[in-house]
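# Coordinate analysis (summary)
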Amino acid sequence: MELNSNQIAEILPHRFPFALVDRITDYEPGQWAKGIKCVSVGEPVFCGHFPQEHVLPGVLILEAMAQVGAIAILSLPENKGKIAYFGGVKNARFKHKVVPGDVLEMECVLTKRRGPVGVGECRATVNGELACTAELTFAVGTK
């Protein structure tokens, strides 16, 4: 199943400039999700990071992966209208810089869930080359 940006906005509360997922390319509610972010030089972050060499900050890559994971957990009927909060980041590794013109392909597999808390194993690639991996912890709550 695919979700466009309008459908993503119905699930996630993030709005410009923090809506970091352009499309969900496939997902299984409560299990996993895959999505993309098309990196553009027009994004406000590139005014300061870095003006002489535009590089997408690692923290925004982590946030984009978390938003993909949030689609996986929040698309469950029992989580409709809820929000997924960051609980932690473990073992984040950045292997390849992400620059304007890149299409960041992300996936998050939910590996553990206990009550409202869960863990997702996430990875991001550009042109098939690994850019980032991380284990992200989340907590589902109400808005």
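As a reminder, the structure under discussion sits directly above these lines.
In this report, the structure presented in the accompanying data block is examined. Nothing here was measured: the structure is a model prediction, and the numbers come from that model. Position labels on residues start from 1 in each chain and follow its written sequence. A pLDDT threshold of at least 70 governs which residues receive local features in this predicted model, and a stricter bar of 80 or more applies before side-chain atom pairs are shown or counted, although totals over entire chains, interfaces and linings include all residues. Hydrogens and water are ignored here; the side-chain numbers use all heavy atoms of the structure.

Another point: the overall build of the chain. Counting from the N terminus, the helices are DSSP H or I runs at least four residues long and the strands are E runs at least two residues long. Helix and strand counts for the chain come out as two helices and six strands. Secondary structure elements in the chain, listed N-terminal to C-terminal, are α-β-β-α-β-β-β-β. Judged by the C-alpha coordinates and their principal axes, the chain covers about 45 × 30 × 25 Å. Only protein chains enter the area calculation, which uses a 1.4 Å probe; residues under 20% of their type maximum are buried, those over 50% are exposed, and those in between are partly exposed. Split into buried and exposed, the 143 residues of the chain put 41% on the buried side. Of the contacts formed within the chain by residues at least 6 apart in sequence, a portion of 61% connects residues at least 24 apart. Entry remark: accessible area of the chain is about 7600 Å², with carbon and sulfur atoms responsible for 53%. Each charge class in the chain was averaged separately, 15 positive and 15 negative side chains, and the resulting centres sit 7 Å apart. Contacts are assigned to residue pairs with any non-hydrogen atoms lying within 4.5 Å of each other. For accessible areas, the Shrake-Rupley method is used with a probe of radius 1.4 Å. Any residue's cover is judged against the shown protein chains and nothing else. Two residue types count as positive, namely Lys and Arg, and two as negative, namely Asp and Glu; His and chain ends fall outside the count. To locate a charge, take NZ of a lysine, CZ of an arginine, CG of an aspartate or CD of a glutamate.

Expected helix span is computed as 1.5 Å times (number of residues minus one). The terminal C-alpha atoms of helix 2 (residues 58-74), which comprises 17 residues, lie 24 Å apart, in line with the 24 Å expected from a rise of 1.5 Å per residue. With 15 of 17 residues buried, helix 2 is to be regarded as a mostly interior element.

Time to look at the nonpolar core. To qualify as a nonpolar core, a set must consist of buried Ala, Val, Leu, Ile, Met, Phe, Trp, Tyr and Cys residues joined through side-chain atoms within 4.5 Å. The biggest cluster of nonpolar side chains holds 39 residues, and the ones touching the most others in it are Ile24, Leu56, Met65, Ile71, Val98, Leu104 and Met106. Elements represented by at least two residues in this core include exactly helix 1 (5-11), strand 1 (23-28), helix 2, strand 4 (103-114), strand 5 (117-126) and strand 6 (129-142). Excluding anything up to four places from it in sequence, Met65 contacts Met106, Cys108, Cys122, Arg123, Ala124, Cys132, Ala134 and Leu136.

Our focus in this paragraph is the sheet that holds strand 2 (residues 32-38). The pairing criterion is simple: DSSP has to find at least two bridges between the two strands. Reading across the sheet, the six strands line up as 1-2-4-5-6-3 and stay open at both edges, with antiparallel pairing between neighbours. Sheet topology places strand 1 and strand 3 (82-94) at the edges, where each strand pairs with a single neighbour. Each strand of the sheet is rotated relative to its neighbour by a mean of 20 degrees, with strand direction disregarded. Bridge count for strand 1 against strand 2 is five bridges, and the pairing is antiparallel. Every angle, taken between N-to-C directions, lies between 0 and 180 degrees, and every axis is a line fitted to C-alpha atoms, over only the stretch in contact when it is a helix.

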